[in-house]
Amino acid sequence: MFLTQREFGLAVLLVVLGILALWLQWANDDNQTQGFDGERRPDYIVEGLKAVTLDAEGAPARRLDAVRLRHYPDDGSSELDEPLLQLFDDAVLRWNLRSRRAWINARGDEVLLEQEVRLERTATAESALIELRTSELLLLPESDYAETTHAVEVERAHDRLSAAQGLQAWLGDDARIRLFGPVRARMEGARRGPGSDDDGG
């Protein structure tokens, strides 16, 4: 089959128009994510977020509140402002985690808390309230596990602990904390005088 010069010109024009349409579609999709100035942009924003995850028996397992959530379509991740995450055990509140900002991956199984991070374990019959403070904390909510390589401070009643190189924390039934680096402790029970410190490794 042979094309006349006019038919060949029309075919070339159609191909060019098709390529141009595809390019415009790609540019539009990219602009939805980054914008013309290259800034990463969310595809939706939720104000006043309140979400609850239930366990197999229908009791609350986790609750997430945030002033604002921004979702990003390029990787499915989300950013939160002023988040508060609460972890429950048999419908009883056990842990409060809060920070200035947070990042959640697309699957929701990694949460990175950033800036003025506070982790509180509610008081029990065996233990007073425990508060942990740091600047960044990675939480794996499905396994009740958290860790950081940043300096941390732990407070329980009048006892104080600080670790220079972070910690690992298991937040489930067998709650425990492992500290890293030089550790300083001030324990009320030690009674070594006002302001006395115990150094550990």
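> Help me understand the pairing of strand β9 (residues 145-148) in this model?
As defined by bridge partners, strand β8 (residues 130-140) adjoins β9 across 3 bridges and the pair is classed as antiparallel. Bridging across to β9, L140 finds its partner in Y145. Counting the residues between successive antiparallel strands, the hairpin from β8 to β9 contains 4 residues, one of them, D144, with a positive phi of roughly 50°. The pairing of β9 with strand β12 (residues 167-170) spans 4 bridges and is antiparallel. The residue of β12 that forms the bridge with T148 is L167.

> Hey, could you run me through the pattern of salt bridges in this one?
A side chain of one charge can pair with a side chain of the opposite charge when the charged atoms of the two come close. Counted according to the given criterion, the structure contains 19 salt bridges. Here E79 ties to R101 by a salt bridge, and the two come within 3.3 Å at their closest N and O atoms. Here R101 lies in strand β6 (residues 101-104) and E79 lies in strand β3 (residues 78-81), a separation of 22 residues in the sequence. The buried category is assigned to E79, whose relative accessible area is 17%. What makes R101 partly exposed here is its relative accessible area of 32%. Residue E82 is joined to R100 by a salt bridge in which the shortest nitrogen-to-oxygen separation is 3.2 Å. On the criterion of sequence distance, the pair formed by E82 in the loop between β3 and β4 (84-89) and R100 in the loop between β5 (92-98) and β6 is long-range, its members being 18 residues apart. Given the relative accessible area of 40%, E82 is considered partly exposed. The network of salt bridges with shared partners includes E47, R68, R70, E79, D81 and R101.

Parameters at a glance
- Per chain, the residues get numbers from 1 upward, laid out in the order the sequence is written.
- Local features in this predicted model are restricted to residues of pLDDT 70 or higher, and side-chain atom pairs are both shown and tallied only at a pLDDT of 80 or more, whereas totals for entire chains, interfaces and linings draw on every residue.
- Hydrogens are left out, water is left out, and the side-chain values use all remaining heavy atoms of the structure.
- Here, any two strands with at least 2 DSSP bridges between them count as paired.
- In this text, helices come from DSSP runs of H or I with a minimum length of four residues, and strands from runs of E with a minimum of two, each type numbered from the N-terminal end.
- A pairing counts as a salt bridge when a side-chain nitrogen of Lys or Arg comes within 4 Å of a carboxyl oxygen of Asp or Glu.
- Each residue gets one of three labels from its accessible area relative to the maximum for its type: buried under 20%, exposed over 50%, partly exposed in between, using a 1.4 Å probe on protein chains only.

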